[in-house]
Amino acid sequence: MPELLEALAHPAPQVAPVLLGARLSVGGVTLRLTEVEAYGGADDAGSHAFRRTPRSDIMFGPPGRLYCYLSYGIHVCANVVTGRDGEAGAVLLRAGEVTEGVEIVRTRRPGVADHRLASGPGVLCRALGIELPANGTDLTRGPIRLELDPEPPTNSSAGPRVGLRQAATTPWRFWLPGEPTVTRYRAALARGRGRDGA
DNA sequence: CTACCGATATTCT
DNA sequence: GAATATCGGTAGA
């Protein structure tokens with residue numbers, strides 16, 4: 001469907017709220033997105049695409065592909081590439097509600113409460129079984145599918161992004177209010193090691 | 001519930 | 001050498 005690609009061919013902050021309520025399906029597991037974050041290009045100091053590197057290269061490509069990277073050297077995080085070919089942008093998938101294949105996800109995350117199965121960008125990928133090699137996957141026809149909510153949510157909230165030191169106040173995090181799967185905002189994250197200031 | 005801390009790939013200094 | 005788009009375990013209120 002070219003409809004999805006049209007929706008994604010815009011700057012990330014514009015696309016991000018539209019992705020709320022969308023379904024991401026992988027291998028029998030379906031996730032309803034409840035929390036996302038927008039990342040831009042050279043004008044966004046908090047974005048991997050602030051500078052073009054081998055890792056961020058895919059963010060400059062055509063929309064509708066998956067951008068996977070390793071966070072803190074350990075956790076896999078997944079983004080949907082947005083913007084036309086040549087325009088850098090991506091939307092980080094931060095949290096969602098498992099609507100299909102809950103029993104599969106439970107075996108991947110034993111002991112975790114259902115509403116926390118995919119509440120966070122790293123654990124979201126673990127819940128769906130997304131690994132680094134999924135980087136570059138076409139979300140319109142591959143084993144990983146993205147489908148927009150036919151009725152886009154009208155009640156989304158916006159606020160600062162999580163975990164950034166750069167451009168930390170830009171309100172490019174979007175979520176569905178009242179959803180228990182949404183990660184709680186941690187205000188005090190100044191790491192004690194290295195340096196600190198406030 | 002909150003707070004600290006270690007693991008560690010990619011990137012930058 | 002150090003920072004970062006994080007998480008889960010452990011300790012304490």
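Structure first, text after, so check above.
Along each chain, residue indices are assigned from 1 in the same order as the chain's sequence is written. As a convention, the first chain written is A and the first ligand written is 1, with the rest following in written order. Reporting in this predicted model follows two pLDDT cut-offs: at least 70 for local features of residues, and 80 or more for side-chain atom pairs to be given and counted; totals over whole chains, interfaces and linings ignore these cut-offs and use all residues. By convention in this description, side-chain values take in all heavy atoms of the structure and omit both hydrogens and water.

**Some details on the overall build of chain A**
Thinking step 1. Numbering of helices and strands starts at the N terminus; helices are DSSP runs of H or I of at least 4 residues and strands are runs of E of at least 2. For chain A, the count of helices and strands is four helices and eight strands.
Thinking step 2. Ordering the α and β elements of chain A from the N terminus gives α-α-β-β-β-β-β-α-α-β-β-β.
Thinking step 3. Against the 2.2 N^0.38 benchmark of 16 Å for 198 residues, chain A shows a C-alpha radius of gyration of 16 Å, consistent with a compact globule.
Thinking step 4. With the principal axes as the frame, chain A shows a C-alpha extent of 45 × 40 × 35 Å. Radius of gyration: C-alpha atoms only; globule rule: 2.2 Å multiplied by the number of residues to the exponent 0.38.

**A closer look at the protein's contact with DNA strand B**
Thinking step 1. Every one of the eleven residues lining DNA strand B counts as a neighbour, but Thr53, Arg55, Tyr72, Ile74 and Arg184 are closest to it.
Thinking step 2. Consider each residue's heavy atoms; a residue with any of them within 4 Å of a molecule or strand counts as near. Within 4 Å of the protein, the contacting atoms of DNA strand B are drawn from sugar and phosphate to the extent of 57%.
Thinking step 3. We call two N or O atoms a polar contact when they sit within 3.5 Å, provided that within protein one can donate a hydrogen and the other can accept it, with sequence-adjacent residues counted only if both atoms are side-chain atoms. In this structure, a phosphate oxygen belonging to DNA strand B sits 2.9 Å away from a side-chain N or O atom of Thr53.
Thinking step 4. Each residue gets one of three labels, nonpolar for Ala, Val, Leu, Ile, Met, Phe, Trp, Tyr, Cys and Pro, charged for Asp, Glu, Lys and Arg, and polar for the others, Gly among them. Tallied by class, the residues present in the surface near DNA strand B amount to four nonpolar, two polar and five charged.

**A word on the protein's contact with DNA strand C**
Thinking step 1. Around DNA strand C lies a shell of 25 residues, among which His75, Asn79, Gly122, Gly163 and Arg165 are the nearest.
Thinking step 2. Here DNA strand C approaches the protein such that, of its atoms within 4 Å, sugar and phosphate make up 64%.
Thinking step 3. One of the side-chain nitrogen or oxygen atoms of Tyr39 is found 3.2 Å away from a sugar or linking oxygen of DNA strand C.
Thinking step 4. Taking Asn79, its side chain carries an N or O atom lying 2.8 Å from a base nitrogen of DNA strand C.

**Section: unusual backbone geometry**
Negative phi is the rule for most residues except glycine; trans is the rule for most peptide bonds.
Thinking step 1. Although it is not a glycine, Tyr72 sits at a positive phi angle of roughly 55°.
Thinking step 2. Tracing the chain through its elements places Tyr72 in the loop between strand E3 (66–71) and strand E4 (75–81).
Thinking step 3. Residue Tyr72 is classed as exposed on the basis of its relative accessible area of 73%. Relative accessibility under 20% of the residue-type maximum defines a buried residue, over 50% an exposed one, and the middle range a partly exposed one, all with a 1.4 Å probe and only protein chains included.

**A short note on the pattern of salt bridges**
Thinking step 1. When a carboxyl oxygen of Asp or Glu is within 4 Å of a side-chain nitrogen of Lys or Arg, the pair counts as a salt bridge. The final tally for this structure, using the stated rule, is ten salt bridges.
Thinking step 2. Among the salt bridges present, the one from Glu97 reaches Arg32, with a minimum N-O distance of 2.8 Å. Taken together, the residues span a long stretch of sequence, with Glu97 in strand E5 (residues 90–100) and Arg32 in strand E2 (residues 29–39) at a distance of 65 residues.
Thinking step 3. Under the relative-accessibility criterion, Glu97 is labelled partly exposed at 31%.
Thinking step 4. Taking the shortest distance from any N to any O, the salt bridge between Arg32 and Glu179 comes out at 3.2 Å. Here the residue Arg32 occupies a position in strand E2, and Glu179 occupies one in the segment after strand E8 (173–175), the gap between them amounting to 147 residues.

**Description of the environment of Arg52**
Thinking step 1. Secondary-structure assignment places Arg52 in the loop between E2 and E3.
Thinking step 2. Placed 88 residues apart in sequence, Arg52 and Thr140 show a C-alpha to C-alpha distance of 25 Å.
Thinking step 3. With sequence-adjacent residues up to four places away left out, Arg52 is seen in contact with Asp57 and Phe60. Contact criterion: two residues are considered in contact whenever any of their non-hydrogen atoms come within 4.5 Å of each other.

**Focus: the nonpolar core**
Thinking step 1. Put simply, a nonpolar core is a bunch of buried Ala, Val, Leu, Ile, Met, Phe, Trp, Tyr and Cys residues held in one set by side-chain atoms that sit within 4.5 Å of each other. Counting 38 residues, the largest nonpolar core has Leu19 and Ile130 as the members making the most contacts within it.
Thinking step 2. At five residues, the largest contribution of residues to this core is made by E2.

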